[in-house]
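Overview (structure and organization)
As a plain string of letters, each chain reads:
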Amino acid sequence: MISKAKIKYIKSLGQKKYRNNEQVFVAEGPKIVGDLLAKHDPKILVHTEAWNPPCIAKQYDDCEEYIVTGDELRKLSFLQHPQEVLAVFPQTQTELPTTFTKEIILALDGVQDPGNLGTIIRIADWFGITQIVCSKDTVDVFNPKVVQATMGSIAHISISYVDLFSFLKSVPEDVPIYGTVLDGEDIYTKELSSNGIIIMGNEGKGISDPIKSLITERLFIPNFTDGRDTAESLNVAIATAITCSEFKRRISYER
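Throughout what follows, the structure given in this document is the object of discussion. (Residues numbered from 1 in each chain as written. Predicted model: local features only at pLDDT ≥ 70, side-chain atom pairs only at ≥ 80, totals over all residues. Heavy atoms only, no water.)

**Describing the overall build of the chain**
- Along the chain, the regular secondary structure elements total nine helices and 10 strands.
- Every one of the 255 residues in the chain was classed for burial, and the buried ones make up 49%.
- When contacts within the chain are restricted to residue pairs at least 6 apart in sequence, long-range pairs at least 24 apart make up 75% of them.
- Within the structure as shown, the chain displays about 13,700 Å² of accessible surface, and the carbon and sulfur contribution to it stands at 49%.
- Both charge centroids of the chain, one from 27 positive and one from 34 negative side chains, sit 4 Å from each other. (Helix = DSSP H or I, 4+ residues; strand = E, 2+ residues; numbered from the N terminus. Buried < 20%, exposed > 50% of the residue type's maximum accessible area, 1.4 Å probe, protein only. Contact = heavy atoms within 4.5 Å. Areas by Shrake-Rupley, 256 points an atom, 1.4 Å probe, with all protein chains shown as cover. Lys, Arg positive; Asp, Glu negative; His and termini not counted. Charge placed at Lys NZ, Arg CZ, Asp CG, Glu CD.)

**Comments concerning the environment of isoleucine 221**
- Structurally, isoleucine 221 can be placed in the loop between strand 10 (217-220) and helix 9 (236-254).
- Judged by relative accessible area, isoleucine 221 falls into the buried class, the value being 14%.
- The sequence separation of isoleucine 221 and threonine 243 amounts to 22 residues, and the corresponding C-alpha distance is 8.0 Å.
- Those residues in contact with isoleucine 221, other than ones at most four positions away along the chain, are Ile187, Tyr188, Leu234, Ala239, Ile242 and Thr243.

**Quick look at the pairing of strand 5 (residues 104-109)**
- Most of strand 5 is tucked away, with six of its six residues classed as buried.
- Covered by surrounding structure in strand 5 are Ile104, Leu106 and Leu108 together with Ile105, Ala107 and Asp109, the residues of both alternating faces.
- The pairing of strand 5 with strand 9 (residues 196-201) spans six bridges and is parallel. By the bridge assignment for strand 9, alanine 107 is matched with isoleucine 199.
- Note: strand 5 against strand 6 (residues 131-135), three bridges, orientation parallel. Residue pairing in the sheet places leucine 108 in a bridge with cysteine 134 of strand 6.
- Handedness of the crossover is the feature at issue here: the chain leaves strand 5, passes through helix 5 (residues 114-126), returns alongside strand 6, and the resulting connection is right-handed. (Pairing = 2+ DSSP bridges. Right-handed = clockwise from strand over helix to strand, strands pointing away.)

**Some words on the sheet that holds strand 9**
- Pairing within the open sheet is parallel, and its six strands lie in the order 7-6-5-9-8-10. Of all strands in the sheet, those with a lone pairing partner are strand 7 (158-162) and strand 10, marking the two edges. Neighbouring strand axes in the sheet, compared pairwise and without regard to direction, differ in orientation by 35 degrees on average.
- For strand 8 (residues 177-186) and strand 9, the ladder comprises three bridges, and the chain directions are parallel. In the sheet register, glycine 179 faces strand 9, and the bridge partner there is isoleucine 199.
- Strands in contact with helix 5 are strand 5, strand 6 and strand 7; relative to strand 5, the strand with the most contacts, it is inclined by about 175 degrees. (Axes fitted to C-alpha atoms, helices over the stretch in contact; angles between N-to-C directions.)

**Examining the sheet that holds strand 4 (residues 85-90)**
- Spatial strand order, 1-4-2-3: four strands in an open sheet with mixed pairing. Edge strands, defined here as strands with exactly one partner in the open sheet, are strand 1 (24-28) and strand 3 (64-67). Neighbour to neighbour, the strand axes of the sheet diverge by 15 degrees on average, direction disregarded.
- Summarising the sheet, strand 2 (residues 44-47) and strand 4 pair through four bridges and their orientation is antiparallel. Counterpart to isoleucine 44 in the pairing with strand 4 is valine 88.

**Concerning the packing of aromatic side chains**
- Here the structure, examined in full by the defined rule, presents four aromatic pairs.
- Members of the aromatic cluster, each reached through a chain of ring pairs, are Phe25, Phe89 and Phe142.
- In this structure, lysine 11 packs its charged tip against the face of phenylalanine 78, placed 4.6 Å from the ring centre. (Phe/Tyr/Trp six-rings, centres within 6.5 Å; stacked < 30°, edge-to-face > 60°. Lys NZ or Arg CZ within 6 Å of the ring centre and 35° of its normal.)

Next comes the structure, spelled out in structure tokens:
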């Protein structure tokens, strides 16, 4: 039986201040919880009898396990349709990247929508990008909506929050800093490197002017509408997918 106090505690983790105070976050559903369980010990596991766990809670130190009904799980869940299991995990602290010679790193400048951030994390995972650096005004990665949108990829990616301008200023001069801007060069014809930093900007404003001033390689994703009226811009997650795909396609082709 799960207590009202425990239900209240878990629901409070929907707010950033309580997540940060407790240094934990909530994950839901067999896929996401399963991926996280492979790497992290949970603090709390709440599940129905229908859940088929990849492991047993008793294997973990200091893990509280509750078997609940579907109605009880709905009281806890942040989802419209709860999915058998909810878990509370400790927030993991990741270190900033210190080498830039062998890989692509994503940098996010003020991405605000939880769904976009979660999708970008999933995109990075798909394309083998393991490091994301976020400006401090980017939405919290431990927001339940972000965690859900990653579909488990949050377990595979290192994510750091920094003063993005200072971080980019510290990058060695020979490391290319890419950014997608309207006056950039066609991404499909421009020479691209196998390492560097790719900056993606805010949904409405794009890359901020201070960060834009640090871009050394300006990219543009062209449309193919033959002069017809078209959308003014791409969703930031879609633009990230196109950009990462082109970089990885070139790297694979050059091999």
